[in-house]
Amino acid sequence: MQDERSPFQKLADLLNGVVPLNEKDARPIDMTIGEPRHAFPDFIPEVIMKNAHNFRPYPQMRGTDEFRKAVEDWLNWRYDLGGLPLGDKNILPLNGTREGLFHACVGARDWARSHFGKDTSNAAVLLPNPFYHTYKGAAAAIDAEQIFLNGTAETGFLPDLDELAGETELLDRTIAFFYASPANPQGNIADIATWKKLIALARKHKFMILADECYSELYRETPPPGILQACEGDFSNVVAFHSLSKRSNLAGMRCGFAAGDGAFMTQWTKYRNLVAPQVSMAIQAAAAAAYRDEEHVKENRRLYNEKFDAARRILGKELPYETPPAGFFLWLDVSAFGDDVAVTEKLWKEVGVKVIPGSYLARADRTGVNPGDGFLRLALVGDLAETEEALTRLRTCLIG
């Protein structure tokens, strides 16, 4: 039985009673939570105030026409979809992608029964490993078997789809595959060929792809391709999830969207009308404004890329890691300095830098291998000065 506590609860238990630094030393620095700290767009409060009267009525589950049109335009621009009309059947607003990803797994189970005619009594859900823990919670909620697919250096830090070759029995009872690109925490991205391979697999074995693309706009140089781009106009078996939390530093506004398979989305909306939270129309107005503006996103990327440049300069060659093509996490290999849990405790106690052990963000796969062993996840969400200070302390602690 694997430990079912959240990674943050496990970390709190690990460090309980451990006093960081000495009283005369500098303040502790927390690099654990992926909570953006850059400025959000300055026009957001004005848009919310202008639409404040819309906090009174219940909003429709399908969202406002303005929001859906803004998302449709953004998707067509960002992924070069050729001006596809997506708004009526293919887009739903979400209270952040966390609730959407969770409820979509329930929707995938129901879709497997009604549309694909599957017996879901022995359903399986495929997850990347490491993974965002909402995926696991969703699979557990519907009592599905959780199959972890390791993302390692050998697989490009993404699930190896070739690992599933010959797994016909497993794939036939799979109802959903949570696939994150850019990966959380490694930041690697799926190319169009990988997306197409995954889509073909889903259609052959009749399961839904729940594509988490929440870090898609935090790239170093090249915009990551998205799964909708690989669909070539046919969105069957595919739902992509996007959020303003990372793109626009609006984690507290709780707004994102799902886009994809129109038939699935129609049935899923009926389910959501029973149990899921609507998104305030005032918040949707602000979200629409955010999706119509790219200048703040460019500045956001610049700030993150500045911090990754600092990481390369400070950590040097003695602390091995790959600058991720996207995201704001640094996936640091510390196996040369001990196991990741012990190194985490050492960093907090000796230099006041709090990080997450990689093993806490993953699970042992079917062969007993935990791909997070020996790694730390560092969230580069503070400002440049704080990030430089934290990385300098980390290097000093481990190397001297």
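Residues numbered from 1 in each chain as written. Predicted model: local features only at pLDDT ≥ 70, side-chain atom pairs only at ≥ 80, totals over all residues. Heavy atoms only, no water.

Colleague: Now, about the overall build of the protein chain: what can you tell me, with residues and values included?
Modeller: Along the backbone of the protein chain there are 14 helices and twelve strands. Judged by the C-alpha coordinates and their principal axes, the protein chain covers about 60 × 55 × 35 Å. Looking at the 400 residues of the protein chain, the share that counts as buried comes to 60%. Contacts in the protein chain between residues at least 24 apart in sequence constitute 76% of all its contacts with a sequence separation of at least 6. Per element, the accessible surface of the protein chain, about 16,800 Å² overall, is 51% carbon and sulfur. The distance from the centre of the 45 positive side-chain charges to the centre of the 54 negative ones in the protein chain is 3 Å. (Helix = DSSP H or I, 4+ residues; strand = E, 2+ residues; numbered from the N terminus. Buried < 20%, exposed > 50% of the residue type's maximum accessible area, 1.4 Å probe, protein only. Contact = heavy atoms within 4.5 Å. Areas by Shrake-Rupley, 256 points an atom, 1.4 Å probe, with all protein chains shown as cover. Lys, Arg positive; Asp, Glu negative; His and termini not counted. Charge placed at Lys NZ, Arg CZ, Asp CG, Glu CD.)

Colleague: Which residues make up the nonpolar core, and what values do they have?
Modeller: Core analysis: the biggest nonpolar cluster contains 53 residues, and Leu75, Phe177, Ile209, Ile227, Leu228 and Met253 have the highest contact counts within it. Of all hydrophobic cores here, the second largest spans 33 residues; its members include Ala104, Ala139, Phe241 and Tyr271. (Core = buried A, V, L, I, M, F, W, Y, C linked by side-chain atoms within 4.5 Å.)

Colleague: Any details on the pairing of strand β8 (residues 256-260)? Residues and values, ideally.
Modeller: Of all five residues making up β8, five are buried, and the element is well covered by its neighbours. In β8, alternate side chains face the same way, and those of Gly256, Ala258 and Gly260 on one face and Phe257 and Ala259 on the other are all buried.

Colleague: Which residues make up the sheet that holds strand β5 (residues 174-180), and what values do they have?
Modeller: One open sheet holds the seven strands; their spatial order is β2-β8-β7-β6-β5-β3-β4, and the pairing between them is mixed. Edge strands, defined here as strands with exactly one partner in the open sheet, are β2 (91-94) and β4 (145-150). Neighbour to neighbour, the strand axes of the sheet diverge by 20° on average, direction disregarded. Across five bridges, the pairing between strand β7 (residues 238-243) and β8 is antiparallel. For Ala240, the partnering residue across the bridge sits in β8 and is Ala259. In the packing of helix α10 (residues 262-275) onto the sheet, contacts are made with β2, β6 (208-212), β7 and β8, and the angle to β2 comes to roughly 40°. (Pairing = 2+ DSSP bridges. Axes fitted to C-alpha atoms, helices over the stretch in contact; angles between N-to-C directions.)

Colleague: Lay out helix α14 (residues 384-398) with the relevant residues and their values.
Modeller: In this model α14 runs 21 Å from its N-terminal to its C-terminal C-alpha over 15 residues, within 8% of the 21 Å that 1.5 Å per residue would give. Those residues of α14 that fall on the buried side of the exposure criterion are Glu386, Thr387, Ala390, Leu391, Arg393, Leu394, Cys397 and Leu398. Taken around the axis of α14, the buried residues stretch over an arc of 155°, which confines them to a single face. Tucked inside the fold, the buried residues of α14 contact β1 (29-30), α12 (295-315), β9 (329-333), α13 (340-351), β10 (353-354) and β12 (375-379). Residue Asp383 occupies the N-cap position of α14, its side-chain oxygen lying 3.3 Å from the main-chain nitrogen of Ala385. Gly400 sits one or two positions beyond α14 and adopts a positive phi of about 100°. (Expected span 1.5 Å × (residues − 1). Arc of directions from axis to C-beta. Polar contact = N/O pair within 3.5 Å; in protein donor to acceptor, adjacent residues only side chain to side chain.)

Colleague: Outline the environment of Ala153, supporting the account with residue identities and numerical values.
Modeller: As for its placement among the helices and strands, Ala153 is situated in the loop between β4 and α6 (168-172). As a C-alpha pair, Ala153 and Pro371 span 218 residues in sequence and 9.4 Å in three-dimensional space.

Colleague: Report on the packing of aromatic side chains, specifying residues and quantitative values.
Modeller: Geometry of an aromatic ring pair is reported as the spacing of the ring centres plus the angle between the planes. One pass over the structure, following the stated rule, counts 19 aromatic pairs. Plain terms: the ring middles of Trp74 and Phe257 are 6.3 Å apart, the flat faces sit at 75° to each other, and that makes the pair edge-to-face. Taken as a pair, Trp74 in helix α3 (residues 65-79) and Phe257 in strand β8 lie far apart in primary sequence, 183 residues in all. The pair Trp74 / Phe257 is uniform in exposure class, with both members buried. (Phe/Tyr/Trp six-rings, centres within 6.5 Å; stacked < 30°, edge-to-face > 60°.)

Colleague: Tell me about empty space enclosed by the protein, and please be specific about residues and values.
Modeller: Counted by the stated rule, this structure contains three cavities of 30 Å³ or more. Considering only enclosed or pocket space, the largest cavity measures out at about 60 Å³ in volume. Here the lining of the largest cavity is built from residues that sort into ten nonpolar, four polar and no charged. In this structure, the second largest cavity encloses a volume near 50 Å³. Secondary-structure elements contributing two or more residues to the lining of the second largest cavity are β1 and α14. It is α14 that provides the largest number of residues to the lining of the second largest cavity, a total of three residues. (1 Å grid on protein atoms, 1.4 Å probe; cavity = no way out; pocket = protein on both sides within 12 Å on 5 of 7 lines; lining within 4 Å. Points joined across faces, edges and corners; volume = space filled by probe spheres on them. Nonpolar A, V, L, I, M, F, W, Y, C, P; charged D, E, K, R; others polar.)

Colleague: Go over the side chain of Glu386 with me, naming the residues and quoting the values.
Modeller: Inspection of the secondary structure puts Glu386 in helix α14. A polar side-chain atom of Glu386 sits 2.9 Å from a polar atom in the side chain of Arg27. Residues contacting Glu386, with those up to four places away along its chain left out, are Arg27, Ile29 and Arg37.

Colleague: Go over helix α7 (residues 192-205), please, and point to the residues and values.
Modeller: For α7, built from 14 residues, the straight-helix expectation of 20 Å at 1.5 Å per residue is met to within 8% by its first-to-last C-alpha distance of 20 Å. Buried within α7 are the following residues: Trp195, Leu198, Ile199, Leu201, Ala202 and His205. Within α7, the buried residues cover an arc of 160° as seen down the axis, which keeps them to one side. Residues of α7 that are exposed and point more than 90 degrees away from the buried face comprise Ala193 and Lys204. Lys206 occupies a position one or two residues after α7 and carries a positive phi of about 60°.

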